[in-house]
Amino acid sequence: VQLQASGGGLVQAGGSLRLSCAASGRTFSSYAMGWFRQAPGKEREFVAAISWSGGSTYYADSVKGRFTISRDNAKNTVYLQMNSLKAEDTAVYYCAAPQADQAMGVMLRYEVDYWGQGTLVTVSS
């Protein structure tokens, strides 16, 4: 599967952005999906994951209550709605997927097989 992330940009602290990740292929609904981010000078970190059906989600503590991951299997797209943004959310955001039919939990162990190209989110304070 190929992944294409979009929607990043510059936003003031407290504002909102919605990231999108379009996936190629006809088996999108077989993949759990996730978002990771990498801030300047830091390691890539897990942000959120969603099951293949969209029925289960998981968030990093740092974004819980502010970010929402969702997916539309008819459009082969996963989203990350980011609200109440903080300066520390500034990073390149990557969508990701494990192998088909893997549970979303594998992404918490960084067992990712497919990465999108990344989209930059800059939050000004």
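Residues numbered from 1 in each chain as written. Predicted model: local features only at pLDDT ≥ 70, side-chain atom pairs only at ≥ 80, totals over all residues. Heavy atoms only, no water.

Caption draft 1: Highlighting the side chain of S51. Within the secondary structure layout, S51 lies in the loop between β5 (45-50) and β6 (57-59). Excluding anything up to four places from it in sequence, S51 contacts A32, S56, R71 and M104. (Helix = DSSP H or I, 4+ residues; strand = E, 2+ residues; numbered from the N terminus. Contact = heavy atoms within 4.5 Å.)

Caption draft 2: Looking closely at the nonpolar core. Residues M33, W35, L80, M82 and Y93 are the most contacted members of the largest nonpolar core, which totals 39 residues. For this core, the elements supplying multiple residues, two or more each, are β1 (3-6), β3 (17-23), β4 (33-38), β5, β7 (67-72), β8 (77-82), β9 (91-97) and β11 (119-124). Here L80 is in contact with L17, R18, L19, W35, V47, A48, F67, T68, I69 and Y93, once residues within four sequence places are set aside. (Core = buried A, V, L, I, M, F, W, Y, C linked by side-chain atoms within 4.5 Å. Buried < 20%, exposed > 50% of the residue type's maximum accessible area, 1.4 Å probe, protein only.)

Caption draft 3: Region of interest: the packing of aromatic side chains. For the coordinates displayed, the defined rule picks out six aromatic pairs. Ring geometry for F36 versus F46: centroids 5.6 Å apart, planes at 80 degrees, classification edge-to-face. Here F36 is found in strand β4, whereas its partner F46 is found in strand β5, with 10 residues between them in sequence. Residue classification places F36 among the buried residues on the basis of a relative accessible area of 0%. Exposure remark for F46: the relative accessible area of 9% places this residue in the buried category. On the basis of an interplanar angle of 40 degrees and a centroid distance of 6.2 Å, the ring pair of F46 and Y58 is categorised as tilted. Taken as a pair, F46 in strand β5 and Y58 in strand β6 lie far apart in primary sequence, 12 residues in all. (Phe/Tyr/Trp six-rings, centres within 6.5 Å; stacked < 30°, edge-to-face > 60°.)

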